[in-house]
Amino acid sequence: MRSPLSDYLDSAAPGACPDHLVVPRSLAQSMPLRWQQVFVGLLTDLHEAYPDVVWPEYAVSAVRAEPLTELDDAQLATHGYVTELGPDGDLEYRDVDDRVVPGSLPVRVEVPDTVPPASAGQVPRGTVVLR
């Protein structure tokens, strides 16, 4: 079912992936007081609407999609891929089931987090560079 939120998050919104929305705490805590009050109210509404959901703990890391061709051997191995020379002498990428996959296949690799942690305190607007 389509909704305004799914429409917005599906349009490549920062922090959105298919199953989750990540809101950097340092940025949210740096927003104006009224914004924070509204946001807390919305989060409270969400939690009260689903009281029986057992929330797991989440470990969030910064990632970027990169094609297999941009990964080194250690990164390839971490994601379950290896390289071999194919019958024609070209480099082939293979998955854990030994199937040939395209080198353009995107995988998520960890990158340095460009958003300051919550412990950084107030984050002035225009000081964070997201890439």
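Residues numbered from 1 in each chain as written. Predicted model: local features only at pLDDT ≥ 70, side-chain atom pairs only at ≥ 80, totals over all residues. Heavy atoms only, no water.

Q: It is not clear to me how the overall build of the chain should be interpreted in this structure. Could you clarify?
A: If you tally the helices and strands in the chain, you get four helices and five strands. Secondary structure elements of the chain occur, N-terminal to C-terminal, as α-α-α-β-α-β-β-β-β. What you see for the chain is a C-alpha radius of gyration of 20 Å, clearly larger than the 14 Å of a compact globule of 131 residues, by over 25%. By its C-alpha atoms, the chain is 65 × 35 × 25 Å across when sized along the principal axes. (Helix = DSSP H or I, 4+ residues; strand = E, 2+ residues; numbered from the N terminus. Rg over C-alpha atoms; globule rule 2.2 N^0.38 Å.)

Q: What exactly am I supposed to notice about the environment of Val22 here?
A: Structurally, Val22 is set in the loop between α1 (4-9) and α2 (25-28). The spatial distance from the C-alpha of Val22 to the C-alpha of Leu43 is 13 Å, given a sequence separation of 21 residues. Apart from the residues within four sequence positions on either side, Val22 is in contact with Gly15 and Val60. (Contact = heavy atoms within 4.5 Å.)

Q: Explain the sheet that holds strand β4 (residues 100-101) here, please?
A: Two orientations exist for strands paired in a sheet by backbone hydrogen bonds: parallel and antiparallel. One open sheet accounts for three strands, arranged β2-β3-β4; its pairing is antiparallel. Every other strand in the sheet has two partners, leaving β2 (82-85) and β4 as the edge strands with one partner each. Alignment of β2 against strand β3 (residues 91-94), held across four bridges, turns out to be antiparallel. Of the residues in β3, the one forming a bridge with Thr83 is Tyr93. (Pairing = 2+ DSSP bridges.)

Q: Got a minute to help me understand unusual backbone geometry in this structure?
A: Apart from glycine, the bulk of residues carry a negative phi angle, and the bulk of peptide bonds sit in the trans form. Despite not being glycine, Ala12 has its phi angle at roughly 65 degrees, a positive value. For Ala12, a relative accessible area of 70% corresponds to the exposed category. (Buried < 20%, exposed > 50% of the residue type's maximum accessible area, 1.4 Å probe, protein only.)

Q: Would you take a moment to explain the pattern of salt bridges for this structure?
A: Opposite charge on two side chains allows them to pair when their charged atoms are near. Tallying each qualifying case throughout the model produces eight salt bridges. For Asp10, the salt bridge goes to Arg2, with nearest N and O atoms at 2.9 Å. We classify Arg2 as exposed; its relative accessible area is 51%. One salt-bridge network, held together by shared partners, links Glu84, Glu92, Arg94 and Asp98. (Salt bridge = Lys/Arg side-chain N within 4 Å of Asp/Glu carboxyl O.)

Q: Just to check I follow, could you spell out a nonpolar patch on the surface for this structure?
A: A cluster of nonpolar side chains, Val22, Leu43, Leu46, Tyr50, Val53, Trp55, Tyr58 and Val60, forms an exposed patch at the surface whose accessible area comes to about 780 Å². Along the polypeptide, Val53 turns up in the loop between α3 (33-49) and β1 (63-67). (Patch = residues over 30% accessible without salt bridge, like charges linked within 9 Å, V, L, I, M, F, W, Y side chains within 5 Å. Areas by Shrake-Rupley, 256 points an atom, 1.4 Å probe, with all protein chains shown as cover.)

Keep in mind these numbers describe shape, not what the thing actually does.
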